[in-house]
Amino acid sequence: MSVYHKLDALNIKLPGVATPAAAYVPYAVSGKQVYLSGHIAKKEGTPWVGQLGKNMSTEEGRLAAHAVAIELLGTLHAATGDLNKIKRIVKVVSLVNSAPDYTEHHLVTNGCSELLGEVFGEKGQHARSAYGVAQLPMGVCVEIELIAELL
């Protein structure tokens with residue numbers, strides 16, 4: 001089954017590439033690697049503001065990371081022209097805006113990782129880091145970057 005059939009089955013419509021908020025590009029291709037800049041969580045098109053362990057639950061954070069994964073897929077599609085050209089998702093790096101005593105960053109990040117696995121199957125299994133940070137741009141709850149390999 002193609003990646004696009006899986007997206008249709010999940011009722012996911014790919015968004016366009018967001019305009020960068022600073023001096024960077026949304027993605028860079030080098031050889032067979034595609035590097036996606038950090039994508040922030042959005043809810044209904046606006047930055048999803050919050051801090052895990054303070055005013056957001058782990059489940060809300062997981063949903064935010066899932067939303068970021070959809071944004072990442074939209075940018076990956078723009079970078080490649082065809083998501084079926086992805087050989088594998090190599091690495092995901094997740095930054096979670098969290099209170100000092102919050103320890104469930106890995107569970108928040110699962111919202112992204114699980115969707116990538118659903119969409120790409122075995123090719124979506126990736127190395128990953130999940131960090132807790134004191135703050136993120138615009139006060140968003142989650143920012144995620146991704147590295148993929150092309151066929």
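A quick note: this is a predicted structure, and the numbers were derived from the prediction, not measured.

Let us look at the overall build of the chain. Helix and strand content of the chain: three helices and seven strands. Taken along its principal axes, the extent of the C-alpha atoms in the chain is 40 × 35 × 30 Å. Carbon and sulfur atoms make up 54% of the accessible area of the chain, which totals about 7600 Å².

Another point: unusual backbone geometry. Look at Glu-44: it is not a glycine, yet its phi comes out positive at around 55 degrees. With relative accessibility at 79%, the residue Glu-44 sits in the exposed group. Even without being a glycine, Met-138 presents a positive backbone phi close to 60 degrees. Relative to the assigned elements, Met-138 resides in the loop between β6 (127–133) and β7 (142–150).

Right, let's talk about the sheet that holds strand β1 (residues 27–30) for a bit. If you walk across this open sheet you meet the five strands as β1-β2-β7-β5-β6, and the pairing is mixed. At either end of the open sheet lies a strand with only one pairing partner, and these are β1 and β6. Each adjacent strand pair in this sheet contributes to an overall mean axis angle of 15 degrees, direction not counted. By the bridge criterion, four bridges tie β1 to strand β2 (residues 33–40) in an arrangement that is antiparallel. Residue pairing for β2: Val-29 is matched across the bridge by Val-34. Where helix α2 (residues 58–80) meets the sheet, its contacts fall on β1, β2, β5 (86–97) and β7, and the angle it forms with β2 comes to roughly 140 degrees.

Taken as a whole, this structure holds two salt bridges when the rule is applied. Its salt-bridge partner being Glu-59, residue Arg-62 comes within 3.0 Å of it at the nearest N-O pair. Of this pair, Arg-62 and Glu-59 both sit in helix α2, three residues apart, which is roughly one turn of that helix. Between Lys-87 and Glu-149 there is a salt bridge, with its nearest N and O atoms 3.8 Å apart. Remark: Glu-149 occurs in strand β7 and Lys-87 occurs in strand β5; sequence separation between them is 62 residues. What makes Lys-87 partly exposed here is its relative accessible area of 43%. On the accessibility criterion, Glu-149 (21% relative accessible area) is partly exposed.

About the thresholds
- Residues numbered from 1 in each chain as written.
- Predicted model: local features only at pLDDT ≥ 70, side-chain atom pairs only at ≥ 80, totals over all residues.
- Heavy atoms only, no water.
- Helix = DSSP H or I, 4+ residues; strand = E, 2+ residues; numbered from the N terminus.
- Areas by Shrake-Rupley, 256 points an atom, 1.4 Å probe, with all protein chains shown as cover.
- Buried < 20%, exposed > 50% of the residue type's maximum accessible area, 1.4 Å probe, protein only.
- Pairing = 2+ DSSP bridges.
- Axes fitted to C-alpha atoms, helices over the stretch in contact; angles between N-to-C directions.
- Contact = heavy atoms within 4.5 Å.
- Salt bridge = Lys/Arg side-chain N within 4 Å of Asp/Glu carboxyl O.

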